[in-house]
Amino acid sequence: MSELLSADRRPRPTLALTCGEPAGIGPEISIRAAWQLRHEIRSVLIGDAAFLAQTAHALDPAIALSALSLQAFNNAGLPDFPRDRLIVLDCPVNEPVVPGVLDARNGRAVLQTLDVAIAGALQGQFDAMVTAPLQKSTINDAGVAFTGHTEYLAERTGTQQVVMMLAGGQAPHLRVALATTHLALKDVPAAITLDGLSRVIDILDADLRSKFGIARPRILVTGLNPHAGENGYLGREELDVIIPALAAAKVRGIDVSGPYPADTLFQKKYLEHADCVLAMYHDQGLPVLKFASFGQGVNITLGLPLIRTSVDHGTALDLAALGLGRADHGSMVEAMQTAALMARANKSL
């Protein structure tokens, strides 16, 4: 994907990179990925400027950072900085960062990085935002109820429903979206409703068109039950909900088909002409994708009035505690490249 970007002479997309939990690997992978892609992408790191400068110097003294206060950014926007320099929007932490050690006193500073990125993206100062992993417990321990990036982004942008999609694997990339996300398995059937599934299909089709530039997306949908319910003998969700939702979507002009048995759908002969698979629950679709691309996958939130991508892994506090140079920044590179390509498809950059 990097070759596609580097060969393109159009203006570089401007991405906001929230550096995530400062005690985890987020700062390192954000700096390394931004520096690697500096000639193709204008990266704006959002985090504690002093800590990021210290981390960058320890990684490579050649990495050039320029700090900008939030007040200066809000008053004048982003300066026109050269390709060999990364801008940092300073969201200071309250306590010194110790790699691998969580500190709830820094939880609100982590949350502020998201607020800055969201506001800048909505105002058009950023073409997209890319999020490094954060630690939910740190923010909750700071006294702020927080269930995750996706839910927070939806709340802050006034979005009633979003769709989680992961992409990865060898080109052409496999894309897997989810009808439900982080639910106990016993709660999944009741969560799959005709109206809800219809909204997910509409969001998926609309964002594949507008944010990926796919003129007529082809979406394959799994069943919920083994063998896609086997005509009602193994469950009625396919007959009562999924098939009617697909039929209605076809009437709306969406190229959607299924439901297919999930245990046989993920084969090249079915996927090579498809743009996305819609799975019914988390552990139905994501194990296949993560097997194909773990460490190189991208988490994408659809349905938002902005572009947001993220890595496919967590904060790796144990790895951060061992010191710099051990974290793999491949997923962050992929997340940034995906966000840049989506921004270009969305805005014709």
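Residues numbered from 1 in each chain as written. Predicted model: local features only at pLDDT ≥ 70, side-chain atom pairs only at ≥ 80, totals over all residues. Heavy atoms only, no water.

Caption draft 1: Representation of the overall build of the chain within the structure. Helices and strands together make up the secondary structure of the chain, namely 15 helices and twelve strands. Taking 349 residues into account, the globule formula puts the C-alpha radius of gyration at 20 Å, and the chain, at 21 Å, falls close to it. Taken over 349 residues, the chain has a buried fraction of 54%. For the chain, contacts bridging at least 24 residues in sequence account for 74% of all contacts bridging at least 6. Put simply, the chain shows about 15,100 Å² of open surface, and 52% of that area lies on carbon and sulfur atoms. Each charge sign in the chain was given a centre, from 29 positive and 35 negative side chains, and these centres are 5 Å apart. (Helix = DSSP H or I, 4+ residues; strand = E, 2+ residues; numbered from the N terminus. Rg over C-alpha atoms; globule rule 2.2 N^0.38 Å. Buried < 20%, exposed > 50% of the residue type's maximum accessible area, 1.4 Å probe, protein only. Contact = heavy atoms within 4.5 Å. Areas by Shrake-Rupley, 256 points an atom, 1.4 Å probe, with all protein chains shown as cover. Lys, Arg positive; Asp, Glu negative; His and termini not counted. Charge placed at Lys NZ, Arg CZ, Asp CG, Glu CD.)

Caption draft 2: Just the sheet that holds strand E6 (residues 163–168), in detail. Within the open sheet, the twelve strands sit side by side as E3-E4-E2-E1-E5-E12-E11-E6-E7-E10-E8-E9. Their pairing is mixed. Sheet topology places strand E3 (65–69) and strand E9 (255–260) at the edges, where each strand pairs with a single neighbour. Strand-to-strand twist in this sheet, taken as the mean axis angle between neighbours without regard to direction, amounts to 25°. Sheet analysis places E3 next to strand E4 (residues 86–90), joined by five bridges and oriented parallel. The residue of E4 that forms the bridge with Ala67 is Val88. (Pairing = 2+ DSSP bridges. Axes fitted to C-alpha atoms, helices over the stretch in contact; angles between N-to-C directions.)

Caption draft 3: Spotlight on the side chain of Ser331. Position of Ser331 among the secondary structure elements: in helix H15 (residues 330–347). Polar contacts involving the side chain of Ser331 include one to the main-chain carbonyl oxygen of Gly297, which spans 2.6 Å. Excluding anything up to four places from it in sequence, Ser331 contacts Gly295, Gln296, Gly297, Val311, Asp312 and His313. (Polar contact = N/O pair within 3.5 Å; in protein donor to acceptor, adjacent residues only side chain to side chain.)

Caption draft 4: The arrangement of the packing of aromatic side chains in detail. Under the criterion given, the structure shown has two aromatic pairs. Between the aromatic rings of Phe73 and Phe126, the centroid separation amounts to 5.7 Å while the plane-to-plane angle is 10°, which identifies the pairing as stacked. Within this pair, whereas Phe73 is found in helix H4 (residues 70–76), its partner Phe126 is found in the loop between helix H5 (107–122) and strand E5 (128–131), the two being separated by 53 residues in sequence. The pair formed by Phe73 and Phe126 is uniform in burial state, with each residue classed as buried. On the basis of an interplanar angle of 50° and a centroid distance of 5.7 Å, the ring pair of Phe146 and Tyr152 is categorised as tilted. Overall, Tyr152 belongs to the buried group, its relative accessible area being 11%. (Phe/Tyr/Trp six-rings, centres within 6.5 Å; stacked < 30°, edge-to-face > 60°.)

Caption draft 5: Fine view of the pattern of salt bridges. For the coordinates displayed, the defined rule picks out ten salt bridges. Salt-bridge contacts for Arg105 lead to Glu95; the nearest nitrogen and oxygen are separated by 3.7 Å. Here the residue Arg105 occupies a position in the loop between E4 and H5, and Glu95 occupies one in the loop between E4 and H5, the gap between them amounting to ten residues. The exposure class of Glu95 is partly exposed, given its relative accessible area of 26%. Taking the shortest distance from any N to any O, the salt bridge between Asp103 and Arg105 comes out at 2.9 Å. Connected through salt bridges with shared partners, the residues Glu95, Asp103 and Arg105 form a single ionic network. (Salt bridge = Lys/Arg side-chain N within 4 Å of Asp/Glu carboxyl O.)

Caption draft 6: Geometry of the environment of Val241. For Val241, the location among the structural elements is in helix H10 (residues 237–251). Exposure remark for Val241: the relative accessible area of 14% places this residue in the buried category. Between the C-alpha atom of Val241 and that of Ser310, which follows or precedes it by 69 residues, the distance is 31 Å. If sequence neighbours within four positions are ignored, Val241 has contacts with Ile192, Thr193, Leu194 and Arg236.

Caption draft 7: Quick look at the nonpolar core. Formed by 66 residues in total, the largest nonpolar core has its most connected members in Leu45, Leu197, Leu204, Leu278, Met280 and Met336. Those residues within four positions of Leu197 in sequence are excluded, and the remaining contacts are Ala179, Ile192, Ile242, Ala245, Leu278 and Met280. Residues Leu70, Ile87, Leu111 and Leu134 belong to the second largest nonpolar core, which totals 27 residues. (Core = buried A, V, L, I, M, F, W, Y, C linked by side-chain atoms within 4.5 Å.)

Caption draft 8: Region of the structure containing helix H9 (residues 194–210). Along its 17 residues, H9 runs 24 Å from first to last C-alpha, staying within 8% of the 24 Å computed at 1.5 Å per residue. On its buried side, H9 packs onto E6, strand E7 (174–178), strand E8 (218–222), H10, strand E10 (276–279) and strand E11 (298–302). (Expected span 1.5 Å × (residues − 1).)

Caption draft 9: Layout of the layout of surface pockets. Space inside the largest pocket adds up to approximately 820 Å³. Lining the largest pocket are 39 residues, with Thr150, Glu151, Met164, Thr181 and His182 sitting closest to its centre. Elements represented by at least two residues in the lining of the largest pocket include exactly helix H7 (149–157), E6, H9, helix H13 (282–293) and strand E12 (308–311). When its residues are assigned to classes, the lining of the largest pocket shows 16 nonpolar, 17 polar and six charged. (1 Å grid on protein atoms, 1.4 Å probe; cavity = no way out; pocket = protein on both sides within 12 Å on 5 of 7 lines; lining within 4 Å. Points joined across faces, edges and corners; volume = space filled by probe spheres on them. Nonpolar A, V, L, I, M, F, W, Y, C, P; charged D, E, K, R; others polar.)

Caption draft 10: Quick look at the packing of H5 against H7. Interhelical geometry of H5 versus H7 gives an angle of 50° and a closest axis separation of 11 Å. Taken together, the axis directions place H5 and H7 in an arrangement best described as oblique. H5 and H7 meet at a crossing whose hand is right-handed. Of H7, the residues touching H5 (which contributes Leu111, Leu114, Asp115, Ile118 and Leu122) are His149, Tyr152, Leu153, Arg156 and Thr157. Split by residue class, the contact of H5 with H7 holds six nonpolar, two polar and two charged. (Parallel < 35°, antiparallel > 145°, perpendicular 65-115°, else oblique. Left-handed = near helix turned anticlockwise from the far one by under 90°.)

Keep in mind that these numbers describe shape and distance, not what the molecule does.
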